[in-house]
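Analysis of the macromolecular model
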Amino acid sequence: NAGVTQTPKFRVLKTGQSMTLLCAQDMNHEYMYWYRQDPGMGLRLIHYSVGEGTTAKGEVPDGYNVSRLKKQNFLLGLESAAPSQTSVYFCASRILGQVYNEQFFGPGTRLTVL
Amino acid sequence: QQQVKQSPQSLIVQKGGISIINCAYENTAFDYFPWYQQFPGKGPALLIAIRPDVSEKKEGRFTISFNKSAKQFSLHIMDSQPGDSATYFCAASRAGANNLFFGTGTRLTVIP
């Protein structure tokens, strides 16, 4: 099993450009999450999904959109990138039915917006 | 508002020493407290977790101490090794909740 994978690993954008980050998991997990990690801020939840076709906002959703068309994939979109979106983005997943929230993380995508 | 407060931001420990990282929370509904370990260039990975029905949980050199009345919990790394050098995040959640609330992280450096 590959676990949780993220594409791409690195990306540089100019202000105003758009892009999509792809997260894929092969563990048949129902729940998927997108976080951003910034120095001194820890991990902050952007959006999450509790199943195929469903999404919900997290702590810092502004400027991002997500889609979960297939159970194994969770896409994070930036429609018009801003320098404040320079960050490391992590995807995570967890199994349905687990009482406590053990999440499995991908390796991250480092995004720089100039 | 930070749901979970973590300190210190960085920590330097000699090999063989004890590393201690502290976290505090306000929401008394939280009942699951995991610690995640993150190596450079990698995603966080679950290290150890505790539920409030016990005051301590030990796994090898790693121990969580939990103080329910003070709403605090801490990670102790005994006999710290250079391979323990990483960033550690505490987190909190409640049963059935969809998401975890993370602390701001502690960068641990263990020097030989």
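Quick look at the structure, then. (Residues numbered from 1 in each chain as written. Chains lettered and ligands numbered in written order. Predicted model: local features only at pLDDT ≥ 70, side-chain atom pairs only at ≥ 80, totals over all residues. Heavy atoms only, no water.)

Attention shifts here to the environment of Q98 of chain A. If you trace the backbone, Q98 of chain A turns up in the loop between β9 (87-94) and β10 (104-105). Taking the C-alpha atoms as reference points, Q98 of chain A and G53 of chain A, separated by 45 residues in sequence, lie 20 Å from one another. (Helix = DSSP H or I, 4+ residues; strand = E, 2+ residues; numbered from the N terminus.)

This part covers the interface of chain B and chain A. Every contact between the two is made by 22 residues of chain B and, on the other side, 21 residues of chain A. When chain B packs against chain A, the two sides together hide about 1700 Å² of surface, and 55% of this comes from carbon and sulfur. The three residues of chain B that bury the most area against chain A are P44, N98 and F102 of chain B, which together make up 29% of that side's buried surface. At the surface where chain B touches chain A, the tally comes to 0 salt bridges. The tally of links between chain B and chain A comes to 4 residue pairs in polar contact (both at pLDDT 80 or more). Residue classes in the side of chain B that touches chain A are distributed as 9 nonpolar, 10 polar and 3 charged. (Contact = heavy atoms within 4.5 Å. Buried area = accessible area lost by both parts, 1.4 Å probe. Salt bridge = Lys/Arg side-chain N within 4 Å of Asp/Glu carboxyl O. Polar contact = N/O pair within 3.5 Å; in protein donor to acceptor, adjacent residues only side chain to side chain. Nonpolar A, V, L, I, M, F, W, Y, C, P; charged D, E, K, R; others polar.)

All names here are of chain B. With respect to the secondary-structure elements, P34 resides in strand β4 (residues 33-38). The exposure class of P34 is buried, given its relative accessible area of 0%. Residues P34 and A91, spaced 57 residues apart in sequence, show a C-alpha to C-alpha distance of 5.5 Å. (Buried < 20%, exposed > 50% of the residue type's maximum accessible area, 1.4 Å probe, protein only.)

Counted under the stated rule, the structure contains 17 aromatic pairs over all chains. Relative to F102 of chain B, the ring of Y35 of chain A has its centre 5.5 Å away and its plane inclined at 90 degrees; by these criteria the two rings are edge-to-face. Residue Y35 of chain A is located in strand β4 (residues 31-38), and its partner F102 of chain B is located in strand β10 (residues 101-102); the two belong to separate chains. A relative accessible area of 0% means that Y35 of chain A is categorised as buried. Aromatic pair W35 of chain B and F73 of chain B: ring centres 5.8 Å apart, planes at 70 degrees, arrangement edge-to-face. Taken as a pair, W35 of chain B in strand β4 and F73 of chain B in strand β8 (residues 72-77) lie far apart in primary sequence, 38 residues in all. Ring pairing ties together the aromatic residues Y33, Y35, Y48 and F105 of chain A together with Y36, F89 and F102 of chain B, which thus form one cluster. Lying over the aromatic face of Y31 of chain A, R94 of chain A brings its terminal NZ or CZ to 4.0 Å of the ring centre. (Phe/Tyr/Trp six-rings, centres within 6.5 Å; stacked < 30°, edge-to-face > 60°. Lys NZ or Arg CZ within 6 Å of the ring centre and 35° of its normal.)

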